[in-house]
Amino acid sequence: MSKNPPVADVVEEMLQSVLASPKRQRRLLSKTFWGKFGFKARTRERVEQVKTTLRQRALMFSLDDDTFGTESKNEWIVLTYVSPDLPGGVSEEQDSAIADVPAPSDEWFTMLEQRDFESEREAEYYFIVPLLEQLGYEEDDFAIGYPVQMYEGVRKVNKEADFVLFDGSSRSKEDALLVVEAKKIGKILTEDAVGQARGYAMWLTTPYYMVTNGEEIRLYLFRGAVLPDVMVKTFKRNDMRQHWHTLHNAISKAATIERKEQLRDSYKTFGK
């Protein structure tokens, strides 16, 4: 008879621990995390069971789907609770069931999957721009190489965001919707790259920020200066069609405008 505790019970214990923390977030070493389940081996079936149960309890994990379960024992796993009514809290099952989400043609997906990019600039113009256009953004919404003034400690510095998407031709913070940070083809996406994009999102108060190297895409939900951000989705370019519903429901222009309004309301509430 197996002595392993039920996965649901372990995840529920993790959930209560996360909910008890001020930021609704908890960091565990991989060996500690998996040790709680009592698995002698992390089989694919067991890893998928843990993933599914975490998502059912609105717990998001910091590793991408391909890495989760295969990481080293000294890797950190960050668990974050996301209210199910926020975009990051939608499960794969719920997401795939949402109807009336416009999607590009199969030919478009195939073209994007098979295209080789020889430079970062090619990835920007033949991958990022077409992707954002399919998500409803128009020419007036694009600001490429957008200047951002921000502070590093007490020093004011001038930075340049690769892409900032606005609601129309206005370039005010009130209309900023999305930051996209593009890295060199094949370059590993580091925490520094994510932090850079988050810094732009914070100063521009965009609801989301995205980091990509043309092959891997990481999408984050920005929840203000107090709550921790959430990795909504991470996936490879050639897996985009299976994640399209999540992508569209989160960062299509219409969805992002709606989230921007929620973010404004939260700031007003926090300021009272």
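Residues numbered from 1 in each chain as written. Predicted model: local features only at pLDDT ≥ 70, side-chain atom pairs only at ≥ 80, totals over all residues. Heavy atoms only, no water.

Enquirer: Describe the environment of valine 47, listing the residues and the values that go with them.
Expert: Along the chain, valine 47 falls in helix α3 (residues 44-56). Each C-alpha atom, one on valine 47 and one on phenylalanine 68, is 7.7 Å from the other, the two residues being 21 residues apart in sequence. In this structure valine 47 touches Trp34, Arg42, Phe68 and Gly69, once residues within four positions along its chain are discounted. (Helix = DSSP H or I, 4+ residues; strand = E, 2+ residues; numbered from the N terminus. Contact = heavy atoms within 4.5 Å.)

Enquirer: Kindly report on helix α1 (residues 7-20), identifying the contributing residues and their values.
Expert: In this model α1 runs 20 Å from its N-terminal to its C-terminal C-alpha over 14 residues, within 8% of the 20 Å that 1.5 Å per residue would give. Buried within α1 are the following residues: Val7, Val10, Val11, Met14, Leu15 and Val18. Down the axis of α1, the smallest arc covering the buried residues is 140 degrees, so these residues share one side. Structural note: α1 exposes Glu13 and Ala20 on the side pointing more than 90 degrees away from its buried face. Buried residues along α1 sit in contact with β1 (25-29), α2 (30-35), α3, β2 (59-61) and β3 (76-81). (Expected span 1.5 Å × (residues − 1). Buried < 20%, exposed > 50% of the residue type's maximum accessible area, 1.4 Å probe, protein only. Arc of directions from axis to C-beta.)

Enquirer: Please set out the packing of α1 against α3 residue by residue, giving values where relevant.
Expert: Two elements in contact, α1 and α3, have axes whose closest approach is 10 Å; the angle formed by their N-to-C orientations is 45 degrees. Considering their axes alone, α1 and α3 lie oblique with respect to each other. You can see that α1 and α3 cross each other, and the crossing is right-handed. Across the interface between the two elements, Val7, Ala8 and Val11 of α1 pack against Gln49, Val50, Thr53 and Leu54 of α3. (Axes fitted to C-alpha atoms, helices over the stretch in contact; angles between N-to-C directions. Parallel < 35°, antiparallel > 145°, perpendicular 65-115°, else oblique. Left-handed = near helix turned anticlockwise from the far one by under 90°.)

Enquirer: Let's hear about the sheet that holds strand β9 (residues 230-236): which residues, and what values?
Expert: A sheet is described by the order of its strands in space; here six strands give the open sequence β4-β5-β6-β7-β8-β9, paired in mixed fashion. Only two strands of the sheet have a single neighbouring strand rather than two, namely β4 (142-152) and β9. Within this sheet the neighbouring strands show an average axis-to-axis angle of 30 degrees, counted without direction. Taken together, the five bridges between strand β7 (residues 208-212) and strand β8 (residues 216-221) define a ladder with antiparallel strand orientation. Bridge assignment links methionine 210 to a residue of β8, and that residue is leucine 219. (Pairing = 2+ DSSP bridges.)

Enquirer: Describe the environment of lysine 233, naming the residues involved and giving the relevant values.
Expert: For lysine 233, the location among the structural elements is in strand β9. Residue lysine 233 is classed as buried on the basis of its relative accessible area, which comes to 7%. C-alpha of lysine 233 to C-alpha of tyrosine 220: the two residues are 13 residues apart in sequence and 7.2 Å apart in space.

Enquirer: Before we move on, could you go through the sheet that holds β1 and cite the residues and values that matter?
Expert: Hydrogen bonds between backbone atoms are what pair the strands of a sheet, whose relative direction is either parallel or antiparallel. Here we have three strands laid out as an open sheet, ordered β1-β3-β2, and antiparallel in their pairing. Across the chains shown, the open sheet's two edge strands, defined by having one partner strand only, are β1 and β2. Each adjacent strand pair in this sheet contributes to an overall mean axis angle of 25 degrees, direction not counted. Relative to β3, β2 runs antiparallel, the two being bridged by three bridges. Paired with methionine 60 across the strands is threonine 80, a residue of β3. Lying over the sheet, α1 contacts β1, β2 and β3, oriented at roughly 75 degrees with respect to β3. Each of β2 and β3 is contacted by α3, which is oriented at about 130 degrees to β2, the strand it contacts most.

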